[in-house]
Amino acid sequence: MTVEPRPAPPAPSPIPLPTEFPVTFRNAEEAAFTWMQDRQHAPRPMAPMSFWWAQRFEDGFNAGLAGYDLPMRLAVGRFNTYYFMAPHPILPPEEMPVAEARAQEAIRQGLATFAGRWEKEWLPEIQETWRDWEAFNTSQATLSELMGRMERMEDVYRRLWEIHFLLLVPAMVGFTLFSDLYHEVLGGTALEPLRLLQGFDNMSLRAGRGLWALSRKVRANPALQAVVESVPSNVLYRALGDSPAGGAFRADVDAYLAEWGKRSDTVQELSDPSWVENPTPMFDALKAYLRQDEDPDTTHRRLAAERERLLAAVRERLAGQPEELRGQFEFLLEAAQQCSFVQEDHNYWIDQRTLHEVRTLCLEIGRRLSEARVIARAEDVLCLTGAELAALVGGRLPSAPALIAAGRDEMARWERVPAPKYIGTDYGPPPENPVSRALDRFFGGPVELPTPTEVRGNAGSAGRLRGTARVIITIAEAGRLQPGEILVTATTSPPWTPLFAIAGGIVTDTGGALSHCAIVAREYGIPAVVGTGCATAVIRDGQQIEVDGDHGLVRLLD
């Protein structure tokens, strides 16, 4: 294998820190990493227990990378309560090119198999894991049995995140290689090749479809609609049970939550309740659906038909190209189309479900400790680490009340201080390869600084729209979004999907064309600008703006 040597990288240099965000690294190795604050998955301060589980995520992530011989690993860190990640090489610079070439060959082989392995191997394993988990009666278990279950969950957590990255490494690289090939051969805008990936069903769209069906049941029953529209979302579930018109419908809500409610605002923070615990965001979205007449599925069907029409035209343009190139195009097209739906489906089965189950288990342990007057509230366990919780249950942590209070105070203090995007050591741009380009398409590439009249980001979903900006930081605020308004937020995850049928457009601080926000915006046919880095800080709630999804541009109109 012949690999061209790489030019020498620039000399590493410490990244300057804001004076209000001092950081003390534990050792020289930690200081030598380039740490990126992961606002896409944890935009707010992270609880100690959440980070303890994120360290198990790190184990699974690295096992997935090792599955493709990638010469890099991930470290996770919690600095001033914010969640940071640091991908880093594990070989000397002179050995990296050969190792990367070997890994790229393993990934290319994975392009042909990842979707099949998901359907026939990994998804059945995950489903069996959750069936086994559901068979355990949490409420009847002893405290000792619950702690044993927590140890078992550590193994489950690591394994599911290993599957996560065994799936997504080739999927995201396939998406990237397809986009690169399309532009190399056919040219076009950044979003043009992505129109060939739209219109495929996924779990996020199914969740939205189920909520739409509930809204039609409400619309068909005037007495029920009167209850739903007049009662605040945060007490609506109880009111349905007390209402003659709502009793049967609450059973429908329970069925919906049983299937789609095991998810919360983010994918790393245990402090966020799932819809099963607090269905307020679901009812907010349901009420907005009541004010709409067009079934979102109409848009999905239109996009699928448009995809096939565009694909036929592209194949005509490629007809004169060599057979080898046409074969490569079809191979990468299939991989990219499969990526578009597994990117959402895996989130339902892994990211959201694991977080829900871990939170449920931790809170049940917390409830037992609260009943025994060991702690004040069940949620207090989230201000401890897993090791500290085990010591508390074993009677070996007399300082628990002080630790809990300190953890809560520390998060409240740092919530008022925005974290910088990077800390640690700067090594210049990462090496150019399909994996680094895939990460850029997921997290978003660098963008220009805002001006008084413009905010720039990454093109996420095509279209242009003028409207009212509605700045919403957490899904608990979703009830403020009115039909046709432009949702401005830090990040989105699958529980936000129903809002895409309400919003006229989306602008986010984080993400690229492969992010949840961009993929779902394309499936709902609304413009999206993602990865601006600053939209929620620069755009005012209620401001008039124009979203240009094709060019990744937001114009501030007043």
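Structure's up top.
Each value, and the rule that gives it
Residues numbered from 1 in each chain as written. Predicted model: local features only at pLDDT ≥ 70, side-chain atom pairs only at ≥ 80, totals over all residues. Heavy atoms only, no water. Helix = DSSP H or I, 4+ residues; strand = E, 2+ residues; numbered from the N terminus. Rg over C-alpha atoms; globule rule 2.2 N^0.38 Å. Buried < 20%, exposed > 50% of the residue type's maximum accessible area, 1.4 Å probe, protein only. Contact = heavy atoms within 4.5 Å. Areas by Shrake-Rupley, 256 points an atom, 1.4 Å probe, with all protein chains shown as cover. Lys, Arg positive; Asp, Glu negative; His and termini not counted. Charge placed at Lys NZ, Arg CZ, Asp CG, Glu CD. Salt bridge = Lys/Arg side-chain N within 4 Å of Asp/Glu carboxyl O. Phe/Tyr/Trp six-rings, centres within 6.5 Å; stacked < 30°, edge-to-face > 60°. Lys NZ or Arg CZ within 6 Å of the ring centre and 35° of its normal. Core = buried A, V, L, I, M, F, W, Y, C linked by side-chain atoms within 4.5 Å. Pairing = 2+ DSSP bridges. Axes fitted to C-alpha atoms, helices over the stretch in contact; angles between N-to-C directions. Polar contact = N/O pair within 3.5 Å; in protein donor to acceptor, adjacent residues only side chain to side chain. Left-handed = near helix turned anticlockwise from the far one by under 90°. Nonpolar A, V, L, I, M, F, W, Y, C, P; charged D, E, K, R; others polar.

Asker: Please clarify how the overall build of the chain should be interpreted in this entry.
Answerer: Helix and strand content of the chain: 18 helices and 13 strands. Here the chain has a C-alpha radius of gyration of 24 Å; the compact-globule value for 558 residues is 24 Å, and the two agree. Counting only C-alpha atoms and orienting by the principal axes, one finds that the chain spans roughly 70 × 60 × 50 Å. In the chain, which comprises 558 residues, the share counted as buried stands at 55%. Long-range contacts, defined here as pairs at least 24 residues apart, represent 71% of the contacts in the chain between residues at least 6 apart. Roughly 23,700 Å² of accessible area belongs to the chain as shown, and the carbon and sulfur atoms make up 53% of that amount. Measuring between centres, the 56 positive side-chain charges of the chain sit 4 Å from its 74 negative side-chain charges.

Asker: How should I be thinking about the pattern of salt bridges in this particular structure?
Answerer: Opposite charge on two side chains makes pairing possible when the charged atoms of those side chains draw close. Inspection of the entire model under this criterion finds 44 salt bridges. In this structure, the salt-bridge partner of Glu125 is Arg159, at a minimum N-O distance of 2.8 Å. Taken as a pair, Glu125 in helix H4 (residues 114-134) and Arg159 in helix H5 (residues 143-186) lie far apart in primary sequence, 34 residues in all. The salt bridge partner of Arg555 is Asp548, with a shortest N-O separation of 3.9 Å.

Asker: Is there a simple way to think about unusual backbone geometry in this case?
Answerer: Glycine aside, the phi torsion of most residues is negative, and most peptide linkages are trans. With phi around 55°, Asp69 is a residue other than glycine that occupies positive phi space. Relative to the elements of secondary structure, Asp69 occurs in the loop between helix H2 (48-66) and strand E3 (72-79). Of the residues examined, Asp69 reaches a relative accessible area of 45% and is grouped as partly exposed. Its identity is not glycine, yet Thr81 carries a phi of approximately 75°, on the positive side. Looking at where Thr81 falls in the secondary structure, it is placed in the loop between E3 and strand E4 (82-89).

Asker: What's the story with the packing of aromatic side chains in this structure? I'm lost.
Answerer: Each aromatic ring pair is characterised by the separation of its centres together with the angle its planes make. Using the criterion set out here, one finds 22 aromatic pairs in the structure. Between Phe21 and Trp414, the ring centres sit 5.5 Å apart and the planes meet at 70°, which makes this aromatic pair edge-to-face. Of this pair, Phe21 sits in the loop between strand E1 (13-14) and helix H1 (28-32) while Trp414 sits in helix H14 (residues 400-414), and the two are 393 residues apart along the sequence. One aromatic cluster is present, built from ring pairs that chain together Phe21, Phe25, Phe33, Trp35, Phe79, Tyr82, Phe84 and Trp414. The side chain of Arg56 reaches across the aromatic face of Trp52, ending 3.6 Å from its centre. Arg149 extends its terminal NZ or CZ atom over the ring of Trp133, reaching a point 3.9 Å from the ring centre.

Asker: I keep staring at the nonpolar core and nothing clicks. Help me out?
Answerer: Within soluble globular proteins, side chains that are nonpolar generally end up buried alongside one another. In this structure, Trp53, Phe57, Trp118 and Phe329 are the most contacted members of the largest nonpolar core, which totals 147 residues. Ranked by residue count, the leading element in this core is H5, at 23 residues. Setting aside its immediate chain neighbours within four residues, Trp53 contacts Met150, Met153, Glu154, Tyr157, Leu270, Val358 and Cys362. Listed in part, the 14 residues of the second largest apolar core include Cys534, Val547, Val554 and Leu556.

Asker: So what exactly am I meant to see when it comes to the sheet that holds strand E12 (residues 544-548) here?
Answerer: In any sheet, the strands associate via hydrogen bonds between backbone groups, in a parallel or an antiparallel arrangement. Read from one edge of the open sheet, eight strands run E6-E13-E12-E8-E9-E10-E11-E7, paired in mixed fashion. Looking at strand neighbours, the two that pair on one side only are strand E6 (454-456) and strand E7 (458-461), the edges of this open sheet. With strand direction ignored, the average angle separating the axes of adjacent strands in the sheet is 30°. With three bridges joining them, E6 and strand E13 (residues 553-556) adopt antiparallel strand pairing. When the bridges of E13 are listed, Arg456 appears paired with Leu553. Strands E7, strand E10 (505-508) and strand E11 (528-530) of the sheet are contacted by helix H17 (residues 516-524), whose axis makes an angle of about 40° with E7.

Asker: Quick question: what am I supposed to make of helix H15 (residues 434-443) here?
Answerer: What H15 keeps buried is the set Pro434, Val435, Ser436, Ala438 and Phe442. On its buried face, H15 is in contact with helix H3 (96-111), H5 and helix H12 (323-371). At the N-terminal end of H15, a side-chain oxygen is found 3.0 Å from the backbone nitrogen of Val435, two or three residues along, and the residue is Asn433. With its phi angle positive at about 100°, Gly444 sits one or two positions after the end of H15.

Asker: Sorry if this is basic, but what is going on with the side chain of Glu523 here?
Answerer: Relative to the elements of secondary structure, Glu523 occurs in helix H17. Arg522 provides the closest opposite charge to the buried, unpaired Glu523, separated from it by 6.4 Å. Residues contacting Glu523, with those up to four places away along its chain left out, are Leu197, Gln198, Gly199, Phe200, Leu205, Thr299, His300 and Leu303.

Asker: Sorry if this is basic, but what is going on with the packing of H12 against H17 here?
Answerer: When two helices pack together, their arrangement is given by the angle between their axes and by how far apart the axes lie. Packing of H12 against H17 leaves a shortest axis separation of 11 Å and a crossing angle of 115°. Handedness of the H12/H17 crossing: left-handed. Counting all contacts with H12, which are made through Ser340, Gln343 and Glu344, the residues of H17 involved are His516, Ile519 and Val520. Along the lines of polarity and charge, the residues of the contact of H12 with H17 split into two nonpolar, three polar and one charged.

Asker: When you look at the pairing of strand E8 (residues 464-471) in this model, what are you seeing that I'm missing?
Answerer: It is a general feature of regular strands that their side chains alternate between the two faces of the sheet. Pairing of E8 with E12, which is carried by five bridges, proceeds in the antiparallel orientation. Among the inter-strand pairings, Arg464 is bridged to a residue of E12, identified as Asp548. Examined bridge by bridge, E8 and strand E9 (residues 486-489) share three bridges and lie parallel to one another. The residue of E9 that forms the bridge with Ala469 is Ile486.

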